[in-house]
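Coordinate analysis (summary)
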Amino acid sequence: MTTMSTNPNTNPNPNPNPKDQTNLRSPKSRRWRQSQVATAVIAIAALLISTAAWLSLVFSGSPTLPVARLQNKAPAPAFTQYQNDSVSVFDGEDDPVEWGDEELSLDDVVFGIAGSSGLWKQRKEYVRLWWRPDVMRGHVWMEEKVPEEQNDESLPPIMVSEDISRFRYTNPTGHPSGLRISRIISECFRLRLPKVRWFVLADDDTIINVVNLVAVLSKYDASEMVYVGSPSESHSANTYFSHSMAFGGGGIAISYPLAKALSEIQDECLERYPKLYGSDDRLYACITELGVPLTREPGFHQCDIRGNAHGLLSSHPIAPFVSIHHVEAVDPIYPGLNSLESLKLFTQAMRLQPSSFLQRSICYDRRHHLTFSVSLGYVVQVFPQIVLPRDLERSEQTYSAWNGISKRSEFDLDTKDAYRSVCKKPILLFLKDIRSQGNATLGSYMRSRAKDDFKRTVLCFPRSRHLRHLREIQVLGHPLTKKWHLVPRRLCCKLNQNSDEVLRLTVGQCAKGASGSFTDYK
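Here is a short report on the structure shown in this document. (Residues numbered from 1 in each chain as written. Predicted model: local features only at pLDDT ≥ 70, side-chain atom pairs only at ≥ 80, totals over all residues. Heavy atoms only, no water.)

All right, on to empty space enclosed by the protein then. Empty space among the atoms becomes apparent when a probe as large as a water molecule is rolled across them. Under the criterion given, the structure shown has 4 cavities of 30 Å³ or more. Estimated volume of the largest cavity: approximately 70 Å³. Around the largest cavity, the lining residues are Gly 311, Ser 314, Ser 315, Ser 373, Gln 381, Phe 383, Leu 392, Arg 394, Glu 396, Lys 416 and Tyr 419. Its residues assigned to classes, the lining of the largest cavity comprises 3 nonpolar, 5 polar and 3 charged. For the second largest cavity, the calculated volume is near 50 Å³. Lining the second largest cavity we find His 301, Cys 303, Leu 312, Leu 313, His 316, Phe 321, Ile 324 and Leu 358. The residue inventory of the lining of the second largest cavity, partitioned by class, reads 6 nonpolar, 2 polar and no charged. (1 Å grid on protein atoms, 1.4 Å probe; cavity = no way out; pocket = protein on both sides within 12 Å on 5 of 7 lines; lining within 4 Å. Points joined across faces, edges and corners; volume = space filled by probe spheres on them. Nonpolar A, V, L, I, M, F, W, Y, C, P; charged D, E, K, R; others polar.)

Here is the structure:
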């Protein structure tokens, strides 16, 4: 505030102008006002400098931390590993290989198979059915060593997992082995194998179609963080764990950059989830912290079912078959064979026609009102009536869920009740033998004896008289194009009537614009 004189005798002009008032101010007042301005300028400058420093901390690519941390006077925050610099998997000395336009091959994939020493003697026979020792890389990860005689050169080498006793596990119903299995991805990565694009995790009771696996993974950019797999068939399992989680029994594919990121943060991440049940949910929790969503591929099958898998196998989705889990928990796939014998025939058909294996085709004999539904390499169903494709798309519920529930609402897929009427049930002809014929395959499907065959003969004669003598259907399967998996479509078939006992079907890709339920094929 400016100080003025109050003595009238000292001010001859009672109404001085502003300029005169300014001249009357004391030097002390002017210095005080100047100091105020300087203080304001300094305060504004300090504010600008502090704001710029804060912005540089927030947006900088370097792991700059508060002074106290730099001086080791404070512990690191719990989630500092998720700053932008540590998520970038291409930093530092571990730069990925530049693949360019090089086509993905089986040699670019490393397999991490979760095994158990107590079950390996039996389950190694399942792995042997699909493993190719000359062209595949990977290991079976055990909790302890197994006798040398339980392994040979036709199987993947065995590795013993690291000790997990330092991790907490508090789930009352699960088993700590889930911790060990969840870390297989990190242990695989730390082997530092060269020229790796993908890591694939699976169980030792899983069958994998490696040709289709490579075809499916080739759709994705392995230089990005990618998490590929499929949820369970069981609604209860998906609800308990997550509908966005890949179930490991059906196989999980993880790209190299995602595997690298996981190897850097997984151990600390696991400490945050001691209450989780198993391995898949722990792996999913850490992948979720990295912000990577599940890329669903319907050809990965967790197969959380029990009993007769016919309804699931005969209605495979129109997508490449990649894997099937729990192969020893379901009934033998083919009648008259035990579980291992069935799987040998199953994988034989898979190797001969990997791209079209289990793919379906529907065609009709309209003259005799018959419907043929082919699942290549597995079964031909002959219905004694016209059944529309929409109804055939649904899985006949011949099985129960892993938890024993048999209600249709328990399954996260389109199902239908099992056929009850003996006159509407299809006649089933299962694969008996398959061989190559040029660039195609010729499969022989033989009629299965059913307990209600006599009832069908007596009660359904007018409807099924044309099927009374049918014993065999031969299916000539033509190969698919290399791009079929990119835009898949149900196959077409053509019926050739040879005799009352033997029929022949030709199956292949449909011509463009052709109906998927008639007789033309490419």
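Core analysis: the largest hydrophobic core is formed by 79 residues, its most contacted members being Phe 111, Trp 130, Trp 198, Ile 207, Val 382, Ile 473 and Val 475. Excluding residues within four positions of it along the chain, Ile 207 makes contact with Tyr 126, Leu 129, Trp 130, Val 322, Ser 323, Ile 324, Val 327, Leu 343, Thr 347 and Met 350. In this structure, Trp 141, Ile 164, Ala 246 and Ile 287 belong to the second largest nonpolar core, which totals 36 residues. (Core = buried A, V, L, I, M, F, W, Y, C linked by side-chain atoms within 4.5 Å. Buried < 20%, exposed > 50% of the residue type's maximum accessible area, 1.4 Å probe, protein only. Contact = heavy atoms within 4.5 Å.)

Our next topic: the sheet that holds strand β9 (residues 300–301). The strand order across the open sheet built from 3 strands is β5-β11-β9, with neighbouring strands paired in mixed fashion. A strand with exactly one partner marks an edge of an open sheet, and here the two such strands are β5 (207–208) and β9. The sheet contact formed by β5 and strand β11 (residues 323–324) spans 2 bridges and is antiparallel. Across the sheet, the residue bridging to Ile 207 is Ile 324, located in β11. (Pairing = 2+ DSSP bridges. Helix = DSSP H or I, 4+ residues; strand = E, 2+ residues; numbered from the N terminus.)

Residues other than glycine seldom take positive phi values, yet Arg 192 does so here, at roughly 55°. In this structure Arg 192 comes out as partly exposed when scored by relative accessible area, which is 47%. Unlike most non-glycine residues, Lys 195 shows phi in positive territory, near 55°.

Read from one edge of the open sheet, 8 strands run β12-β13-β14-β18-β19-β20-β22-β21, paired in mixed fashion. Sheet topology places β12 (360–365) and β21 (492–497) at the edges, where each strand pairs with a single neighbour. Taken pair by pair, the neighbouring strands of this sheet meet at an average axis angle of 25°, ignoring direction. Note: strand β20 (residues 472–477) against strand β22 (residues 502–508), 6 bridges, orientation parallel. For Gln 474, the partnering residue across the bridge sits in β22 and is Arg 504. Its contacts with the sheet place helix α13 (residues 339–352) against β18 (427–437) and β19 (440–447), and it is angled at close to 50° to β18. (Axes fitted to C-alpha atoms, helices over the stretch in contact; angles between N-to-C directions.)

Our focus in this paragraph is the state of the cysteines. Tallied over the full model, the rule gives 3 disulfides. Paired by a disulfide, Cys 492 and Cys 510 hold their sulfur atoms 1.9 Å apart. As the torsion about the S-S bond is roughly 105°, the Cys 492-Cys 510 disulfide counts as right-handed. With a gap of 18 residues between them, Cys 492 in strand β21 and Cys 510 in the segment after β22 connect regions that are remote in the sequence. The class of Cys 492 is buried, set by a relative accessible area of 0%. Residue class for Cys 510 comes out buried when judged on its relative accessible area of 11%. (Disulfide = S-S within 2.5 Å.)

Here we come to the side chain of Gln 381. Structurally, Gln 381 can be placed in strand β14 (residues 379–383). Overall, Gln 381 belongs to the buried group, its relative accessible area being 5%. Within the structure, Gln 381 has its side chain in polar contact with the side chain of His 310 (distance 3.4 Å). Those residues in contact with Gln 381, other than ones at most four positions away along the chain, are His 310, Ser 314, Thr 371, Phe 372, Ser 373, Glu 396, Pro 426, Ile 427 and Leu 428. (Polar contact = N/O pair within 3.5 Å; in protein donor to acceptor, adjacent residues only side chain to side chain.)

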